[in-house]
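# Commentary on secondary and tertiary structure
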Amino acid sequence: MILLKRHEVKTNKPSLVSRLGQGSDHIFHALFGAVGRGISYINKHTFIAVAQWMTFHVLVRVRKVYVEIKHRALANPHGKRMIDAVRGRGEVRDHGASFYLRKIAEKGNK
């Protein structure tokens with residue numbers, strides 16, 4: 001690309017690639033102008049507002065996925081037992097639990 005541009009500058013003739021791209025120059029010029037104009041509107045306050053807006057929409061979609069996974073886990077008896085165990089509501093038996101877990105289980109039953 002650099003060699004093509006160097007040849008163009010030396011001979012003052014556009015290369016084949018430049019001639020093919022001339023038809024789309026105005027499109028890219030308008031596009032880059034619009035992007036530049038859009039960026040010029042961003043200051044501290046608008047940046048924070050846009051960041052909060054984007055974060056909200058990302059978190060809404062993440063929450064939907066989480067709720068769907070939780071729903072599927074609760075539909076499965078083994079999954080429900082696993083979720084209860086993670087929440088600390090699982091069964092604690094004397095023969096397999098440590099002293100610490102039995103103590104936590106006793107506090108939960110009171």
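Scroll up for the structure.
These remarks concern the structure in this document. The structure presented is a predicted model; accordingly, all values stated were derived computationally and were not measured. (Residues numbered from 1 in each chain as written. Predicted model: local features only at pLDDT ≥ 70, side-chain atom pairs only at ≥ 80, totals over all residues. Heavy atoms only, no water.)

### Observations regarding the overall build of the protein chain
Within the protein chain, the secondary structure is distributed over 6 helices and 0 strands. Traced from its N-terminal end to its C-terminal end, the protein chain shows the element sequence α-α-α-α-α-α. Relative to its full complement of 110 residues, the protein chain shows a buried share of 5%. Looking at the protein chain as shown, the accessible area adds up to about 10,500 Å², and 65% of this sits on carbon and sulfur atoms. (Helix = DSSP H or I, 4+ residues; strand = E, 2+ residues; numbered from the N terminus. Buried < 20%, exposed > 50% of the residue type's maximum accessible area, 1.4 Å probe, protein only. Areas by Shrake-Rupley, 256 points an atom, 1.4 Å probe, with all protein chains shown as cover.)

### Section: the pattern of salt bridges
By the definition in use, this model includes 2 salt bridges. As a salt-bridge pair, Lys5 and Glu8 come within 3.4 Å of each other at their nearest N and O atoms. You can see Lys5 and its partner Glu8 sitting in helix H1 (residues 2–11), 3 residues apart, about one turn around the helix. A salt bridge links Arg72 to Glu68; the shortest N-O distance between them is 3.0 Å. Here Arg72 pairs with Glu68, and both are found in helix H4 (residues 44–75), just 4 residues apart, close to one helical turn. Look at Arg72 and you get exposed, because its relative accessible area is 60%. (Salt bridge = Lys/Arg side-chain N within 4 Å of Asp/Glu carboxyl O.)

### Considering helix H5 (residues 77–87)
Among all positions of H5, only Gly79, Ile83 and Asp84 are buried. Seen from one end, H5 has its buried residues packed into an arc of 140°, which puts them on one side. Every exposed residue of H5 that faces more than 90 degrees away from the buried side is listed here: Pro77 and Arg81. (Arc of directions from axis to C-beta.)

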